[in-house]
Amino acid sequence: MKKKKKWLPVMLCFTLFAAMALGSGSSDPGDTKQVVTNDNSNASDGTKTDKTENQTAEPAATPEAKVTIEKQVLVNQNDIVVTATEYVTDKIWGDGIKLLVENNSDKSVMVGCNALIVNDYMITDLFASNVAAGKKSNETLYLSSSQLKAAGIETVGKIEIYFHIYDSDTYKNIFDTECVTIQTSEFANMDTTPNDAGAELFNEGGIRIVGKTVDENSFWGSAILLYCENNSGKKVGISVNDMSINGFMMTPFFSTTIYDGKKSIEDITIFSKDLEKNGIEKIENVELKFHIYDADTHSTITDSQPITFSAQ
């Protein structure tokens, strides 16, 4: 058991680094191309516009309201108490919720998240707190600033958390919470408009996928930004199969889980080595299939027909 605990910080660091670099939706809008389908009628906004056309004077900027929360107990079960104490902002890590984690049990526990949702968007969580028996810990659950930006979230109004608590020594699950909701001081002012501008690639059974941009200079190589929306009545997982770029097969990195009634902004990452070995310097034509499945049972919901689009 000691060996497992020794490697845990390394695993967490790797997870942190990978989450920051992959699927973050952090492409620079100034260095991207738009996703365009062969059938332009499917695009909700698949054409470029000249920013100088019809440009009107913007209203003077107003100071952003300071986001706050009320102190509240989020979890009180099996001698584990988690209390949200404050909404904080860090210059490096961005916004977060300060948590007091109290372990009143007789075993060492790890407190993490099964899901983190902000303003109805799935957000990658980087939270894990190891607390020894009878001890307390002050921690911060940070909200990925790059994913908030990609989703168009300027003001956080609602945070939903599904906590996962397990034994630090045996990794045995102790309990998972139902959805815990925090409403901030800006709840009434949060913008719920979907950030779904782009070319619609899939729309079936309450699941909608929109291609937004292609970034050919992302961290690992290239990235295709997708907006995904789930109104199917189920928690779904989405992955990509049989992907090719300019006619050459690729091994994409993409997997997202979306709770019912929620949305997600995620990158399909294409590694530089796959592009280089096929002599691809510019992404022109993309073909792929979406594999959509029930995230609880892992049974297939549907496999899409081949979908083609280009980057302009």
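Everything below is about the structure shown above.
## Notes on the packing of aromatic side chains
Now for step 1: Enumeration over the complete set of coordinates arrives at four aromatic pairs.
Now for step 2: With centroids separated by 6.4 Å and ring planes inclined at 80°, the aromatic side chains of Phe253 and Phe271 adopt a geometry described as edge-to-face. With Phe253 in the loop between strand 16 (248-249) and strand 17 (255-258) and Phe271 in strand 18 (residues 262-271), this pair connects stretches of sequence that are 18 residues apart.
Now for step 3: Look at Phe253 and you get partly exposed, because its relative accessible area is 40%.
Now for step 4: For Lys263, the ring lying beneath its charged end belongs to Tyr121, and the centroid distance is 5.2 Å.

## Some details on the side chain of Ser137
Now for step 1: With respect to the helices and strands, the residue Ser137 is situated in strand 8 (residues 136-142).
Now for step 2: On the accessibility criterion, Ser137 (16% relative accessible area) is buried.
Now for step 3: One polar contact links Ser137 to Glu139, side chain to side chain, over a distance of 2.5 Å.

## Re the sheet that holds strand 2 (residues 72-77)
Now for step 1: On the basis of which strands lie adjacent, the open sheet formed by four strands has the order 2-3-4-8 and antiparallel pairing. At either margin of the open sheet sits one strand with a lone partner, and together these are strand 2 and strand 8. The mean angle between the axes of side-by-side strands here comes to 25°, regardless of whether they run parallel or antiparallel.
Now for step 2: Where strand 4 (residues 94-103) lies against strand 8, seven bridges are found, and the strand directions are antiparallel. Bridge pairing links Leu100 to Asn138 in strand 8.

## Description of the pattern of salt bridges
Should the charged atoms of two oppositely charged side chains come close, the side chains can pair.
Now for step 1: Within the structure shown, the criterion is met by ten salt bridges.
Now for step 2: With a closest N to O distance of 3.1 Å, Asp120 and Lys158 form a salt bridge. Of this pair, Asp120 sits in the loop between strand 5 (109-118) and strand 6 (121-123) while Lys158 sits in strand 9 (residues 158-167), placing them 38 residues apart in sequence. Lys158 carries the same exposure label as Asp120, and that label is buried.

## Describing unusual backbone geometry
Now for step 1: Phi at Asp242 is positive, roughly 50°, even though this residue is not glycine.
Now for step 2: Inspection of the secondary structure puts Asp242 in strand 15 (residues 236-245).
Now for step 3: When its relative accessible area of 46% is taken as the criterion, Asp242 is described as partly exposed.
Now for step 4: The residue His298 is not glycine, and still its phi comes out positive at about 65°.
Now for step 5: You can see His298 is positioned in the loop between strand 19 (285-294) and strand 20 (300-303).

## Brief notes about the environment of Asp260
Now for step 1: Turning to its location among the elements, Asp260 is positioned in the loop between strand 17 and strand 18.
Now for step 2: Once the C-alpha coordinates of Asp260 and Val236 are considered, the two residues, 24 residues apart in sequence, prove to be 7.5 Å apart.
Now for step 3: Discounting residues that sit within four places of it in the chain, Asp260 has contacts with Asn230, Asn231, Ser232, Gly233, Lys234 and Lys235.
Now for step 4: A distance of 2.8 Å separates a polar side-chain atom of Asp260 from the backbone nitrogen of Gly233.

## Let's talk about the pairing of strand 9
Now for step 1: Within strand 9, nine of the ten residues are buried, leaving the element largely enclosed by the surrounding structure.
Now for step 2: Relative to strand 9, strand 5 is paired through nine bridges, and the arrangement is antiparallel. From the neighbouring strand, Val109 faces strand 9, where its bridge partner is Asp167.
Now for step 3: One ladder, built from four bridges, connects strand 9 with strand 11 (residues 180-183); its direction is antiparallel. Opposite Ile161, over in strand 11, you have Val180 as the bridge partner.
Now for step 4: Relative to strand 10 (residues 173-176), strand 9 runs antiparallel, the two sharing three bridges. Residue pairing in the sheet places Ile165 in a bridge with Phe175 of strand 10.
Now for step 5: Hairpin connection, strand 9 to strand 10: the antiparallel pair is bridged by five residues, and Tyr171 has positive phi, about 65°.

Cut-offs and rules
- Residues numbered from 1 in each chain as written.
- Predicted model: local features only at pLDDT ≥ 70, side-chain atom pairs only at ≥ 80, totals over all residues.
- Heavy atoms only, no water.
- Phe/Tyr/Trp six-rings, centres within 6.5 Å; stacked < 30°, edge-to-face > 60°.
- Helix = DSSP H or I, 4+ residues; strand = E, 2+ residues; numbered from the N terminus.
- Buried < 20%, exposed > 50% of the residue type's maximum accessible area, 1.4 Å probe, protein only.
- Lys NZ or Arg CZ within 6 Å of the ring centre and 35° of its normal.
- Polar contact = N/O pair within 3.5 Å; in protein donor to acceptor, adjacent residues only side chain to side chain.
- Pairing = 2+ DSSP bridges.
- Axes fitted to C-alpha atoms, helices over the stretch in contact; angles between N-to-C directions.
- Salt bridge = Lys/Arg side-chain N within 4 Å of Asp/Glu carboxyl O.
- Contact = heavy atoms within 4.5 Å.

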